[in-house]
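Okay, here's what each chain looks like letter by letter:
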Amino acid sequence: MSRSSSLLQRSLQSVWHPCTQMKHHERYPLVPISRGEGAWLFDADGKGYLDAVSSWWVNLFGHNQPQIKAAIRAQLDQLEHVMLAGFTHAPVVELSEQLAALTGLGHAFYGSDGASATEIALKMSFHYWRNTGQPHKTKFLSLQNSYHGETLGALAVTDVAIFTDTYAPLLQQSAHMPSPDSRLAADGESDHAYALRCAQALESHVAQHHATLAALIVEPLVQGAAGMAMYHPVYLQRAREICQRYQLHLIADEIAVGFGRTGTLFACEQAGERVSDIADFICLSKGITGGYLPLSVVLTTDTVYQAFYHDQAVKGFLHSHSYTGNPLACSAALATLQLFAGRDVLSENRQTAQQLWQAVQSYDLPLQQVRQRGMITAFDIDTSNPQFAHDCYAAALENGLLLRPIGNTVYWMPPYCLTAEDQAHLVRATRAAIVESL
Ligand SMILES: *Cc1c(COP(=O)(O)O)cnc(C)c1O
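Residues numbered from 1 in each chain as written. Predicted model: local features only at pLDDT ≥ 70, side-chain atom pairs only at ≥ 80, totals over all residues. Heavy atoms only, no water.

Looking at an unreviewed UniProt entry, one finds the protein chain named Adenosylmethionine-8-amino-7-oxononanoate aminotransferase and attributed to Methylophilus aquaticus. The heading Catalytic activity (unreviewed entry) in the UniProt record of the protein chain holds the text "(8S)-8-amino-7-oxononanoate + S-adenosyl-L-methionine = S-adenosyl-4-methylsulfanyl-2-oxobutanoate + (7R,8S)-7,8-diammoniononanoate". Quoted straight from UniProt, the Cofactor (unreviewed entry) entry for the protein chain says "pyridoxal 5'-phosphate". (UniProt positions renumbered as here; feature names shortened; annotations may be inferred.)

Below, the structure written as structure tokens:
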């Protein structure tokens, strides 16, 4: 038995892998990864896989990234961790200040993963209304096909059946508003017109129920888990107006789309000048550390913050996670922001995205709904193979590519460091994987 096959065996016996029916691994092997470099992951035998999904959407500047590594190393010699209740440290202060300057939302509350950021935003919104004398505002709105994480509170505002159905008895009721996903527009209806139609449906609901509504939570511009559903920014502008008119918070879940993914540093910037023009809360995680360490943050307004500032302890936000504001993770996040400040990453990405767009246009494949928002390129495949997603994933691995189709949607969400050769491989291996799984 080779070293890597014994590792696979041990993994299946001891590790309960996420988002996986473990029994399926009787037939489909795990992939043991031993190192990464740039956009590539390498298995124990040295075989390379181009990471077209940025390792579940977290990696921004590639694996083994020198500046991020150096920042974590330097921090490691200073302070690995200290609790953030009663204590503070330079990396968390510096990061909070920079994020405030970038978003216009000046108060940062930290968690360790995306789902906990969602929980924090929901709890804070509810608690804000309670502290300000509106205790009936207890319910949340989200969009159809939304995804906000898988803890119970986050799952309650998520609308992806395979994740929610089993746990429905445990979840707080919440209403899902029509998704502005451009693919759902009527024949001949523009994405702009369709977004406005969805905003109108939102307004009708809010006008009727606002007395009991605390917040609307949305994934700005791209609903990732829905299959990279993209929509027109006018929806965010209208949603913002409606939320303001009827006194609801707007929570922007930019866990997947933040940090340049959609072509602007934050997706909300395509609807307003700054994030604070659109949202009362923004949730950030995934790319925040460049994909190095778990960290999440909820940024909010001074208005929200002041509603908790009081002599009474229970009016405060008594929420905590052990690793809140971990210094190593904050140092990785600062290095990530430094990479954005150091060069014009967004315009470099525009060129890469343009090339990827042209490559898709040249495919001789049964593609539908080709779409792109910054460094997310997606299309749907017209196929009768009910196992398309799985077969395409397996065929891509054979071809040295990590691709994880969602249903019939194939998408690229690569790190921002693709070389010309990487791009050529991505385009070629994706085509091969699709052809083999139609
Ligand atoms: C991934 C994701 C989450 C949850 O983040 P985790 O770190 O996986 O808990 C929440 N919202 C969106 C939009 C996401 O993509």
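That was the structure; now back to the text.
(A) Expanded view of the site of the ligand. Around the ligand sit Trp57, Asp113, Gly114, Ala115, Tyr147, His148, Gly149, Glu219, Asp253, Ile255, Ala256 and Lys286, and that is every residue in its neighbourhood. Interatomic distance of 2.7 Å between a side-chain N/O atom of aspartate 253 and a nitrogen atom of the ligand. Taking lysine 286, its side chain carries an N or O atom lying 2.6 Å from an oxygen atom of the ligand. Burial of the ligand by the protein amounts to 82% of the accessible area it has alone, namely 380 Å². Residue composition of the shell around the ligand, grouped by class: five nonpolar, three polar and four charged. (Near = heavy atom within 4 Å. Polar contact = N/O pair within 3.5 Å; in protein donor to acceptor, adjacent residues only side chain to side chain. Areas by Shrake-Rupley, 256 points an atom, 1.4 Å probe, with all protein chains shown as cover. Nonpolar A, V, L, I, M, F, W, Y, C, P; charged D, E, K, R; others polar.)

(B) Looking closely at the side chain of histidine 89. Position of histidine 89 among the secondary structure elements: in the loop between α3 (66-76) and α4 (90-103). A residue is classified by how much of its surface remains accessible, and histidine 89, at 7% relative accessible area, is buried. (Helix = DSSP H or I, 4+ residues; strand = E, 2+ residues; numbered from the N terminus. Buried < 20%, exposed > 50% of the residue type's maximum accessible area, 1.4 Å probe, protein only.)

(C) How the structure looks around the pattern of salt bridges. Counting across every chain of the model gives eleven salt bridges. We note a salt bridge from arginine 238 to glutamate 203, for which the minimum N-O separation is 3.3 Å. Placement of the pair is arginine 238 in helix α9 (residues 234-245) and glutamate 203 in helix α8 (residues 191-209), with a sequence separation of 35 residues. Residue classification places glutamate 203 among the buried positions, given a relative accessible area of 18%. The shortest N-O distance in the salt bridge between arginine 431 and aspartate 364 comes to 2.9 Å. (Salt bridge = Lys/Arg side-chain N within 4 Å of Asp/Glu carboxyl O.)

(D) Geometry of the domain arrangement of the protein chain. Segmentation of the protein chain into domains returns domain 1 (31-64 + 344-437) and domain 2 (69-342). Between the C-alpha centres of domain 1 and domain 2 there is a distance of 27 Å. With 30 residues of domain 1 at the contact, the number on the domain 2 side is 29 residues. Carbon and sulfur atoms make up 61% of the surface buried where domain 1 meets domain 2, a total of about 2500 Å² over both sides. Summed over the three residues of domain 1 that lose the most area to domain 2, namely Trp57, Leu346 and Arg373, the buried surface amounts to 28% of that side. (Domains from an automatic or database assignment. Contact = heavy atoms within 4.5 Å. Buried area = accessible area lost by both parts, 1.4 Å probe.)

(E) Structural detail: the sheet that holds strand β14 (residues 376-381). Pairing is antiparallel across the open sheet formed by three strands, whose spatial order is β13-β14-β16. Unpaired on one side and paired on the other, β13 (367-373) and β16 (409-412) mark the two borders of the sheet. Pairwise comparison of adjacent strand axes, ignoring direction, gives a mean angle of 15° for this sheet. Pairing of β13 with β14 involves five bridges; the strand directions are antiparallel. Of the residues in β14, the one forming a bridge with arginine 373 is isoleucine 376. Each of β13, β14 and β16 is contacted by helix α12 (residues 345-361), which is oriented at about 175° to β13, the strand it contacts most. Running at roughly 165° to β16, helix α14 (residues 420-437) makes contact with β14 and β16 of the sheet. (Pairing = 2+ DSSP bridges. Axes fitted to C-alpha atoms, helices over the stretch in contact; angles between N-to-C directions.)

(F) Molecular detail of the UniProt feature "modified residue: N6-(pyridoxal phosphate)lysine" (unreviewed entry) in the protein chain. In the numbering adopted here, UniProt assigns the feature "modified residue: N6-(pyridoxal phosphate)lysine" (unreviewed entry) to Lys286. Its location among the elements puts lysine 286 in the loop between β11 (281-284) and β12 (296-300). Under the relative-accessibility criterion, lysine 286 is labelled partly exposed at 23%. In this view, lysine 286 contacts Trp56, Trp57, Val58, Ile255, Ala256, Gly291 and Leu295; residues no more than four positions away in its chain are not counted.

(G) View of helix α5 (residues 114-131). A rise of 1.5 Å per residue sets the reference length of α5, with its 18 residues, at 26 Å; its end C-alpha atoms lie 25 Å apart and thus fit the reference within 8%. In terms of burial, α5 is largely enclosed, as 15 of its 18 residues are buried. Backbone geometry just after α5 places glycine 133 at a positive phi near 80°. (Expected span 1.5 Å × (residues − 1).)

(H) Quick look at the sheet that holds strand β15 (residues 401-402). The strand order across the open sheet built from four strands is β1-β2-β3-β15, with neighbouring strands paired in mixed fashion. A single partner strand is all that each edge strand has here, and the edge strands are β1 (33-37) and β15. As paired strands, strand β2 (residues 40-43) and strand β3 (residues 48-51) are joined by three bridges and run antiparallel to one another. Among the inter-strand pairings, leucine 41 is bridged to a residue of β3, identified as tyrosine 49.

(I) Unusual backbone geometry, seen in detail. Unlike most non-glycine residues, tryptophan 57 shows phi in positive territory, near 75°. By secondary structure assignment, the location of tryptophan 57 is in helix α2 (residues 54-57). By relative accessible area, which is 10% here, tryptophan 57 ends up buried. Notably, leucine 221 is not glycine yet its phi reads approximately 70°, a positive angle. Taking relative accessible area as the criterion, leucine 221 reaches 0% and is therefore assigned buried.

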